Amino acid sequence: MSKKNLGMKIVGVNKRAKREYEILETFEAGLVLQGSEVKSLRLGRISFKDGYVRFHNEEAFLVGVHIAPYENAGYAQHDPERERKLLLHKREIRSLMGKVEQKGLTVIPLKVYFKNGKAKVELGLAKGKKLHDVREELKRRTIAREMAREMARFK
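### Some details on the nonpolar core
Formed by 27 residues in total, the largest nonpolar core has its most connected members in Leu86 and Leu123. Listing elements by their share of this core, those giving two or more residues are strand S2 (21-31), strand S4 (52-56), strand S5 (59-63), helix H4 (90-103), strand S8 (106-115) and strand S9 (118-128). In this structure Leu123 touches Glu25, Thr26, Phe27, Ala29, Val53, Leu86, Leu88, Val107, Ile108, Pro109 and Leu110, once residues within four positions along its chain are discounted.

### Topic: the side chain of Ser40
Relative to the elements of secondary structure, Ser40 occurs in helix H3 (residues 35-42). Polar contacts involving the side chain of Ser40 include one to the main-chain carbonyl oxygen of Ala68, which spans 2.5 Å. Not counting chain neighbours up to four residues away, the residues in contact with Ser40 comprise Arg45, Ile67, Ala68, Pro69 and Tyr70.

### Thoughts on the packing of aromatic side chains
Going through the model one piece at a time under the given rule, you end up with zero aromatic pairs. A cation over a ring is seen here: Arg42 above Phe114, with NZ or CZ 4.1 Å from the ring centre. The ring centre of Tyr113 lies 5.8 Å from the NZ or CZ of Lys111, which sits over that ring.

### A closer look at H4
End to end, H4 covers 20 Å across 14 residues, agreeing with the expected 20 Å (1.5 Å per residue, within 8%). Along H4, the positions that sit buried rather than exposed are Ile93, Leu96 and Met97. An end-on view of H4 places all buried positions within 105 degrees of arc, on one side of the element. Facing away from the buried side of H4 by more than 90 degrees, the exposed set consists of Arg91, Gln102 and Lys103. Elements in contact with the buried residues of H4: S2, S4, S5, S8 and S9. Backbone geometry just after H4 places Gly104 at a positive phi near 70 degrees.

### Brief notes about the pairing of S4
Of the two faces of S4, the one lined by Val53 and Phe55 is fully buried and the one lined by Tyr52, Arg54 and His56 carries no buried residue. Relative to S5, S4 runs antiparallel, the two sharing five bridges. Residue pairing for S5: His56 is matched across the bridge by Glu59. In sequence, S4 turns back onto S5 through a hairpin of two residues, with Asn57 there showing a positive phi of about 55 degrees.

### A word on the sheet that holds S2
An order of S1-S8-S9-S2-S7-S5-S4 is seen for the seven strands of this open sheet, with the pairing classed as antiparallel. The strands lining the two open edges of the sheet, one partner per strand, are strand S1 (8-13) and S4. Strand-to-strand twist in this sheet, taken as the mean axis angle between neighbours without regard to direction, amounts to 45 degrees. Pairing analysis gives two bridges linking S2 to strand S7 (residues 84-87), with the strands arranged antiparallel. Residue pairing for S7: Leu31 is matched across the bridge by Leu86. Packing against the sheet, H4 makes contact with S2, S4, S5, S8 and S9, and its axis sits at approximately 105 degrees to S4.

### Notes on a nonpolar patch on the surface
Side chains of Met8, Ile10 and Val13 sit close together on the surface and give an oily, nonpolar patch of about 280 Å² of accessible area. Mapped onto the fold, Met8 is located in strand S1. Look at Met8 and you get partly exposed, because its relative accessible area is 46%.

Analysis parameters
- Residues numbered from 1 in each chain as written.
- Predicted model: local features only at pLDDT ≥ 70, side-chain atom pairs only at ≥ 80, totals over all residues.
- Heavy atoms only, no water.
- Core = buried A, V, L, I, M, F, W, Y, C linked by side-chain atoms within 4.5 Å.
- Buried < 20%, exposed > 50% of the residue type's maximum accessible area, 1.4 Å probe, protein only.
- Helix = DSSP H or I, 4+ residues; strand = E, 2+ residues; numbered from the N terminus.
- Contact = heavy atoms within 4.5 Å.
- Polar contact = N/O pair within 3.5 Å; in protein donor to acceptor, adjacent residues only side chain to side chain.
- Phe/Tyr/Trp six-rings, centres within 6.5 Å; stacked < 30°, edge-to-face > 60°.
- Lys NZ or Arg CZ within 6 Å of the ring centre and 35° of its normal.
- Expected span 1.5 Å × (residues − 1).
- Arc of directions from axis to C-beta.
- Pairing = 2+ DSSP bridges.
- Axes fitted to C-alpha atoms, helices over the stretch in contact; angles between N-to-C directions.
- Patch = residues over 30% accessible without salt bridge, like charges linked within 9 Å, V, L, I, M, F, W, Y side chains within 5 Å.
- Areas by Shrake-Rupley, 256 points an atom, 1.4 Å probe, with all protein chains shown as cover.
- Salt bridge = Lys/Arg side-chain N within 4 Å of Asp/Glu carboxyl O.

Pasting the structure below:
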């Protein structure tokens, strides 16, 4: 096995997640994929759009994540919008289900990557930000950036 396969290769990052949600906890889960999906992921062809995790019969599924079809797959194409099963321990699934049902939180994908040759997804237990929270954060960042520029100007 080469050193290249032992590392972690990030395929896609959900940039909207940190802007629209407050991340409380993170989890790592495996993904059940078809062959053409793996090939497409290795090319970085993923879009998180409105991705989230849905629970059904004590199983977790990744919903709303678009993995583009692989051009060279021939007749064995996959559905880009299909639900993909997540590989988590039962206790993790039960814990997440309880938190989502009781506290009104949601589980969203934060990033997809390959770790030791296996496709993994980092999930975040998240609480939605209100519109005024988002505006307040943008205002705070703008002020900090302007202050940094002024400080750099006088050095």
